[in-house]
Amino acid sequence: MSNPNNTLAKARIAVLGYGSQGRAHALNLRDSGLDVVVGLRKGGPSWEKARAEGFAVAEPGEAVQGADLVAVLTPDMVQPKLYTDAIEPNIKAGAALLFAHGFNVHFGQIDPRRDIDVILVAPKGPGALVRSEYERGRGVPCIWAVQQDVSGHAEARARAYADGIGGSRAMLIRTDFKEETETDLFGEQAVLCGGASSLVQAGFETLVEAGYQPEIAYYEVLHELKLIVDLFYEGGITRMLEFVSETAQYGDYVSGPRVIDAGVKQRMKDVLKDIQDGSFARNWIAEYDAGLPNYRKYKQADLDHPVEQVGKQLRARMAWLQAGAAKAAAEPLKKTG
């Protein structure tokens, strides 16, 4: 149950969205003793699911009315219209508007009313982990920020919300909308998604073009990457070096800097500059408004890459992956929205 001194103990919280983060936040907040209503489009895929899980469900505008805190947990590109149509006309003065990513506020796509608090709470993990860790009596670290403090209680509200989803059981780190947004985008583009995918594809192509079997190349540059990433996750580079062979370590020391050299770092700085000056945001917004023609083309190119074709065949023979896929299919939707 929630602490009686909790700033949100007697508040009504509207959670807009019931995807990965939305569902986890709503369930955790409710289990912390807080009053939660879920805002969704009637007839949408999540409406009945949220109702079946015991939530009061309403159209977004209705959910916002009377709420003391409104958590916006829908995809970035639908948030500006959601704000204009459902939030701005209905959120009461002195309430708090909460985001889990600062993109739209930082890049000016949403200009919050001046009579509300604007805060951010971002768990550093997917929704499924936010929920499962909470159920275990633990939590996922959260970063939090205050953009606008009208009530004088914005910080307390952000921290209370983080507490409600389990973040304070692990760690809370203060940031601001600028830092959260720019570092999040950079991490995705330069390392986690863009960088890792391109590194894998280049490694696969290099081996196959040199005459090695595609199946062997797949295992060496993609499949085994999970082993290394798990070690990074558990204990950083130090743990990885403890568990790979001396031969692998020596190769790391002498060849890693040949691949990821000063030129790569400079290009990473260029990526960061595009994020910082708004170029990436403007391009992405224009792409979305145009109907995603380049996005679809880029995505299809990734799906058609030979490493994906080979991988699909190999993964079909990995019984442990099939079992995991069946389990995942039985779980709630993982995407936000």
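The preceding data block contains the structure.
Here's a quick rundown of the structure.

Examining helix H13 (residues 262–276)
If you check H13, its first and last C-alpha atoms are 21 Å apart, about what 15 residues at 1.5 Å a residue would give, namely 21 Å. Two or three places before Gly 263, at the start of H13, stands the capping residue Asp 261, its side-chain oxygen 3.0 Å from that residue's backbone nitrogen. Looking one or two places after H13, you find Gly 278, whose phi comes out positive at around 90°.

Description of the sheet that holds strand E4 (residues 69–72)
Pairing is mixed in the open sheet, where 8 strands are placed in the order E3-E2-E1-E4-E5-E6-E7-E8. Two strands close off the open sheet at either side, each with one partner strand: strand E3 (56–58) and strand E8 (172–174). Strand-to-strand twist in this sheet, taken as the mean axis angle between neighbours without regard to direction, amounts to 25°. Pairing between E4 and strand E5 (residues 96–99): 4 bridges, direction parallel. Across the sheet, Leu 69 pairs through a bridge with Ala 96, a residue of E5.

Observations concerning the nonpolar core
Of all hydrophobic cores here, the largest spans 31 residues; its most connected members are Leu 69, Val 121 and Tyr 161. Among the elements that line this core, the one with the most residues is helix H7 (residues 154–164), at 5 residues. Residues contacting Val 121, with those up to four places away along its chain left out, are Leu 98, Phe 99, Ala 100, Cys 142, Ile 143, Trp 144, Ala 158, Tyr 161, Ala 162 and Ile 165. Core analysis: the second largest hydrophobic core is formed by 26 residues, Val 37, Phe 99, Val 105 and Leu 120 among them.

A word on the side chain of Arg 131
Within the fold, Arg 131 resides in helix H6 (residues 127–135). At 2.9 Å, the side chain of Arg 131 and the side chain of Asp 31 are in polar contact. When near neighbours in sequence (up to four residues on either side) are disregarded, Arg 131 contacts Ala 24, Leu 27, Asn 28 and Asp 31.

Overview of the environment of Pro 80
Checked against the element boundaries, Pro 80 lands in helix H4 (residues 79–87). For Pro 80, the contacting residues outside a window of four places in its chain are Asn 104, Gln 109 and Ile 110.

Some thoughts on helix H14 (residues 279–289)
Those residues of H14 that sit buried are Ser 279, Ala 281, Ile 285 and Glu 287. Its buried side turned inward, H14 meets helix H5 (103–106), H13 and helix H15 (293–304).

Structural notes on the environment of His 223
Among the secondary structure elements, His 223 is positioned in helix H10 (residues 214–223). Classification of His 223 as partly exposed rests on a relative accessible area of 28%. The spatial distance from the C-alpha of His 223 to the C-alpha of Leu 314 is 9.9 Å, given a sequence separation of 91 residues. Excluding its chain neighbours within four sequence positions, the residues that come into contact with His 223 are Tyr 218, Met 318 and Trp 320.

Description of unusual backbone geometry
Its identity as a non-glycine residue notwithstanding, Leu 292 has a phi of 65°, on the positive side. Within the secondary structure layout, Leu 292 lies in the loop between H14 and H15.

Describing the pairing of E4
Along E4, one buried face is formed by Leu 69 and Ala 71 and the opposite face, lined by Val 70 and Val 72, is buried too. Examined bridge by bridge, strand E1 (residues 12–16) and E4 share 4 bridges and lie parallel to one another. Paired with Val 15 across the strands is Ala 71, a residue of E4. Between the parallel pair E4 and E5, the chain is carried across by H4, and the sense of this crossover is right-handed.

Procedures and definitions
Here the residue index of a chain counts from 1 through its sequence in written order. In view of the model being predicted, local features appear only for residues whose pLDDT reaches at least 70, and side-chain atom pairs are presented and counted only at 80 or more, with totals across whole chains, interfaces and linings using the full set of residues. With hydrogens and water excluded, all non-hydrogen atoms of the structure serve as input to the side-chain values. Every helix listed is a DSSP run of H or I at least four residues long, and every strand listed is a run of E at least two residues long, numbered separately from the N terminus. Here a helix's expected span is defined as the number of its residues, less one, multiplied by 1.5 Å. Side-chain atoms alone can form a polar contact between residues adjacent in sequence; in general such a contact is a pair of N or O atoms within 3.5 Å, and within protein one must be able to donate a hydrogen while the other accepts it. When DSSP finds two or more bridges between a pair of strands, those strands are recorded as paired. Here an axis means a line fitted to C-alpha atoms, over the contact stretch when the element is a helix, while the angle between two N-to-C directions is reported on a 0 to 180 degree scale. Within this scheme, the nonpolar core is defined by two criteria: the residues are buried Ala, Val, Leu, Ile, Met, Phe, Trp, Tyr or Cys, and they are joined through side-chain atoms within 4.5 Å. Exposure categories follow from relative accessible area, calculated using a 1.4 Å probe and restricted to protein chains: below 20% of the type maximum is buried, above 50% is exposed, and the middle band is partly exposed. Working rule for contacts: check all heavy atoms of both residues, and any pair within 4.5 Å makes them a contact. Seen with its strands pointing away from the viewer, a crossover is right-handed when the path leading from the first strand over the helix to the second is clockwise.

Taken by themselves, the reported measurements are silent on function.
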